[in-house]
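# Structural overview for review
Spelled out from the first residue to the last, the chains are:
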Amino acid sequence: MTDSKYFTTTKKGEIFELKAELNSDKKEKKKEAVKKVIASMTVGKDVSALFPDVVNCMQTDNLELKKLVYLYLMNYAKSQPDMAIMAVNTFVKDCEDLNPLIRALAVRTMGCIRVDKITEYLCEPLRKCLKDEDPYVRKTAAVCVAKLHDINAQLVEDQGFLDTLKDLISDSNPMVVANAVAALSEIAESHPNSNLLDLNPQTINKLLTALNECTEWGQIFILDCLASYLPRDDRESQSICERVTPRLSHANSAVVLSAVKVLMKFMEMLPKDLDYYGTLLKKLAPPLVTLLSAEPELQYVALRNINLIVQKRPEILKHEMKVFFVKYNDPIYVKLEKLDIMIRLASQANIAQVLAELKEYATEVDVDFVRKAVRAIGRCAIKVEQSAERCVSTLLDLIQTKVNYVVQEAIVVIKDIFRKYPNKYESVIATLCENLDSLDEPEARAAMIWIVGEYAERIDNADELLESFLEGFHDESTQVQLQLLTAIVKLFLKKPTETQELVQQVLSLATQDSDNPDLRDRGYIYWRLLSTDPLICHIGTLASVYHKPPSAFVEGSRGVQHKRLPGESTESPDVGQSGPSEAPPAVIPSQGDLLGDLLNLDLAPPTATVPSVQPSMQMGAMDLLGGGLDSLVCSSPMGAGLGAAPAAMPASLGGAPAVGGGLGDLFDLGGGVGMPTGSYVAPKTVWLLAMKAKGLEISGTFARRGGIIQMDLSLTNKAMSVMTDFAIQFNRNSFGLAPAGPLQVLTPLSPNQTIDVSLPLSTSGPVMKMEPLNNLQVAVKNNIDVFYFSCQYPLSLLFVEDGKMDRQVFLATWKDIPNDNEAQFQIKDIHLNSDVASNKLQGSNIFTIAKRTVEGQDMLYQSVKLTNGIWVLAEMRIQTGNPNYTCTEPRIVYANLLHSQ
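Residues numbered from 1 in each chain as written. Predicted model: local features only at pLDDT ≥ 70, side-chain atom pairs only at ≥ 80, totals over all residues. Heavy atoms only, no water.

Time to look at the packing of helix α13 (residues 201–211) against helix α14 (residues 216–226). Running from amino to carboxyl end, α13 crosses α14 at an angle of 150°, the nearest separation of the two axes being 10 Å. For the element pair α13 / α14, the angle class is roughly antiparallel. Helix-helix and strand crossings are classified by hand; for α13 and α14 the assignment is left-handed. Along its contact with α13, which presents I204, L207, L208, A210 and L211, the element α14 presents Q219, I222, L223, C225 and L226. Residue composition of the contact of α13 with α14, by class: nine nonpolar, one polar and no charged. (Axes fitted to C-alpha atoms, helices over the stretch in contact; angles between N-to-C directions. Helix = DSSP H or I, 4+ residues; strand = E, 2+ residues; numbered from the N terminus. Parallel < 35°, antiparallel > 145°, perpendicular 65-115°, else oblique. Left-handed = near helix turned anticlockwise from the far one by under 90°. Contact = heavy atoms within 4.5 Å. Nonpolar A, V, L, I, M, F, W, Y, C, P; charged D, E, K, R; others polar.)

Along the chain, E771 connects to P772 via a cis peptide bond; the corresponding omega equals 0°. Tracing the backbone shows P772 in the loop between β8 (754–762) and β9 (775–781). With a phi angle near 55°, K694 is a residue other than glycine that sits in the positive phi range. Located in the positive-phi region is N845, a residue other than glycine, with phi close to 65°. If you trace the backbone, N845 turns up in the loop between α32 (834–842) and β12 (847–854). Classification of N845 as buried rests on a relative accessible area of 10%. (Buried < 20%, exposed > 50% of the residue type's maximum accessible area, 1.4 Å probe, protein only.)

What follows covers the confidence of the model for the chain. Regions with low pLDDT carry predicted coordinates that are not meant to be interpreted in detail. Averaged over every residue, the pLDDT of the chain is 77; residues scoring 70 or more account for 81%. Strand β2 (residues 601–602) is the least confidently modelled element of the chain, averaging 34 in pLDDT, while strand β7 (residues 738–739) averages 94, the highest of any element. Counted against residues more than four places away or in other chains, residues 557–677, with its pLDDT under 50, gives 271 contacts. Per-residue pLDDT stays below 50 along residues 890–901; that stretch engages in 65 contacts with residues further than four places along the chain or on separate chains. (pLDDT = per-residue confidence, 0-100.)

Quick look at the packing of aromatic side chains now. For the coordinates displayed, the defined rule picks out 11 aromatic pairs. Ring geometry for Y361 and F369: centres 5.2 Å apart, planes at 45°, overall tilted. When sorted by exposure, Y361 lands in the same class as F369, which is buried. Ring centres of W687 and F789 lie 6.1 Å apart, and the angle between their planes is 25°; this geometry places the pair in the stacked category. Of this pair, W687 sits in strand β3 (residues 685–688) while F789 sits in strand β10 (residues 786–792); the two residues are 102 residues apart in sequence, bridging distant segments of the chain. Linked through ring pairs, W687, F702, F789 and Y793 together constitute an aromatic cluster. Positioned above the aromatic ring of F369 is the side chain of K335, whose terminal nitrogen or guanidinium carbon lies 5.2 Å from the ring centre. (Phe/Tyr/Trp six-rings, centres within 6.5 Å; stacked < 30°, edge-to-face > 60°. Lys NZ or Arg CZ within 6 Å of the ring centre and 35° of its normal.)

What follows concerns the pattern of salt bridges. Under the criterion given, the structure shown has 31 salt bridges. Between E268 and K312 there is a salt bridge; the shortest N-O distance is 3.1 Å. Taken as a pair, E268 in the loop between α16 (253–267) and α17 (275–291) and K312 in helix α18 (residues 296–312) lie far apart in primary sequence, 44 residues in all. Residue class for E268 comes out partly exposed when judged on its relative accessible area of 45%. (Salt bridge = Lys/Arg side-chain N within 4 Å of Asp/Glu carboxyl O.)

Let us look at helix α27 (residues 478–494). Given a rise of 1.5 Å per residue, 17 residues ought to cover 24 Å, and the 25 Å separating the end C-alpha atoms of α27 matches this to within 8%. Among the residues making up α27, those that are buried are V480, Q481, L482, L484, L485, T486, A487, I488, V489, L491 and F492. Against the buried residues of α27 lie α25 (442–454), α26 (462–470), α28 (500–511) and α29 (517–531). (Expected span 1.5 Å × (residues − 1).)

Turning to the nonpolar core, a few remarks are in order. Within soluble globular proteins, side chains that are nonpolar generally end up buried alongside one another. Ranked by internal contacts, the top residues of the largest apolar core, which has 197 residues, are Y72, L73, L126, L207 and F418. If you tally residues by element for this core, the top one is helix α12 (residues 174–190), at 10 residues. Apart from residues no more than four positions distant in its own chain, L73 is found in contact with F51, V55, M58, A87, F91 and I113. Judged by nonpolar contacts, the second largest core, of 54 residues, contains F787, I827, V864 and M876. (Core = buried A, V, L, I, M, F, W, Y, C linked by side-chain atoms within 4.5 Å.)

Our focus in this paragraph is the packing of α18 against helix α19 (residues 332–345). Packing of α18 against α19 brings their axes to within 10 Å, and their N-to-C directions diverge by 20°. Taken as axis vectors, α18 and α19 run roughly parallel relative to one another. Judged by the twist between their axes, the crossing of α18 over α19 is left-handed. Each of P296, E297, Q299, Y300, L303, R304, I306, N307, V310 and Q311 in α18 lies in contact with α19, whose residues at this interface are Y333, V334, E337, K338, D340, I341, R344 and L345. Tallied by class, the residues present in the contact of α18 with α19 amount to nine nonpolar, three polar and six charged.

One open sheet accounts for three strands, arranged β6-β9-β10; its pairing is antiparallel. Each of the sheet's edge strands pairs with one partner strand only, and the pair in question is β6 (727–730) and β10. Taking each pair of neighbouring strands and ignoring which way they run, the sheet shows an average axis angle of 25°. (Pairing = 2+ DSSP bridges.)

Right under this line is the structure:
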């Protein structure tokens, strides 16, 4: 009678009866009772109440009964750790039993009982078992070390079990070696930085010796260990490969795949011209092919591994293509995997065979498989260029079948072929267009739209075809909408006069009538590109990314003729009003076009607009001030632009504007003469009156110290309440001045108290041309309110320390500037000689490049560089005894530079 009878009892009071039977004096009755307990435990009944009674049954010589009791202990010891201690003495005693099976059973069970209190008693028996005379006990103890390490890693290291485990690799029994390797590998996985498996040629030799004699799972452990070894040279690699190769003929597929893994790894070290390398490639193919004769589940696992192998070394199976041809009774998951491998193995030599097979698959009844087969034809065309024409012909034959899903997949594939081989197979477009009405899948529709847009100039009714898609625009998927938008824009670029209404319609649908952010954003981008002068001819370049013409960021760029939408405004539809279409694009907006927004409050800038002057620069330098540098001249307009700059010329060459107070007060005449005194700092002036700011008075000035621009502020509280929580923000300005950090007012500002603060500034803020040029609009916030004021900063703040131009570059540039581009003016009442004047100017980063004396006059040639890269060149004539200086400079009025207070 079988043991199934133990699972059929449903009596009440069963626990009580089992308890009585477990304490019976009859061995057979006790054994029957333990079997009933194990049966109840197996079906999920709680029999933990019988723990003491079952433990008492451990004292027996019957091996079967002892196994059952140990099984019960492993299940319930964790829930009743205190009672599990009762079994420790029996475990220790069994570890010294004469029967090696009992010794091994005891140490295995103790390793499976995951109770800390028991692991303390496990160490001594485990140490003895690791050195037991019987190999079965040693191999069991080796695995037990790994289990104990999982419970208490520190204990294993302290007891020296890891060293004992390493010694077992040299054991005479191959199974002990395999289990020791398996245990060390498992421990190493949880401690990746530990060098437990210190593999060397001697150790490898021992493992390879054990490989031939241990069981199949032992072979897998050893092979996996070998795969992590790095051979010293190609000779050692070849030696290991030769000793591993016989494993390829093993009956167990896991052993075969592990052997393949080792060989693939060590083949990297072998020279490809070596005869053995070619032999090894030939030996790898048959075992892999044999794996495909197993049941479907194993086939799938083998195919997944073969897929990886052929990605690395397709030459292994290049002659085995037929093995991967699909059978009629293969499950779908095997079919799809075989198909993928066929594509990877496709080459010029076998492409005809592959295409014939794929064409056959495309007529199958399984829709998913057919789709994959059609796509595979396209992948073959892209992979093997010589086969592309044959693939296209095969796809056209499939389209003629008029099977809907086949046609749609074929169109998707042909689109990819067109992209790979442009202007080569366009003769098939007419056939594709015939099937336009049958397309109902988004991917196929998107592919067809792409083809029409890409080859619009070759399709007479391209606008009609795209318009037919446009009728149900909002019902289409996002993929189709995006493709349709792009295709119509392409069509407009090729046929602008005929498709103006169509492009306006699609842009309107994509932007105004769509809720999809991706579609809307792309629509706005295209609208801007089509509407803004410089950009539409630069789609696909950096200009389309920056939304700036190339002249804004590339030196030496030339003018380009651009298309625009006839009659369209120069703004996208989200901007309410359109500006004049002829206005040149400005990199920096003029002050009249944009409103500043300080601290999210309505701060209106002055309403005066800057006169727009058409730039006429012929050089590569970028006009950073929008309307051309001529627009900054405060006197009469200058003539034509600078001539072409030499190759070594700095990126931007122009001049600094002359506005009242901008460049004055640099001489500090009261400070004496001699060496440079540093940049001149004007005394503080009141910028915000207390009566206009609820008691807050702000005075300030600007300074340049150590290359850093600073705003020095004095905050005075003339109110009756304490002021806290100060913050500051600048409006957009001509040179991008912005606070480089927060306004540091660390203590509350009490009534009648003044605090001095120095605020570092950067020139990386937003830019907008102001009037006057050096005007700065500021908002200051505190716990009372937000206050606004404007001030003017001296342009000498913007003179950088590396503004000394090379003499040769200066000379070449100065000579190339036409006389018409120069302006002269006098600076009066300067009682300094040329050397002192030069020294003082150098303190403000105005550098003298050369000096010469002509007819009793000292001629100083100077250069200045602004923070935005604009250069100023000047010539200053000083006559001894004459307090008036004459200054000549290109393009820019260099006024007030040497005037003092």
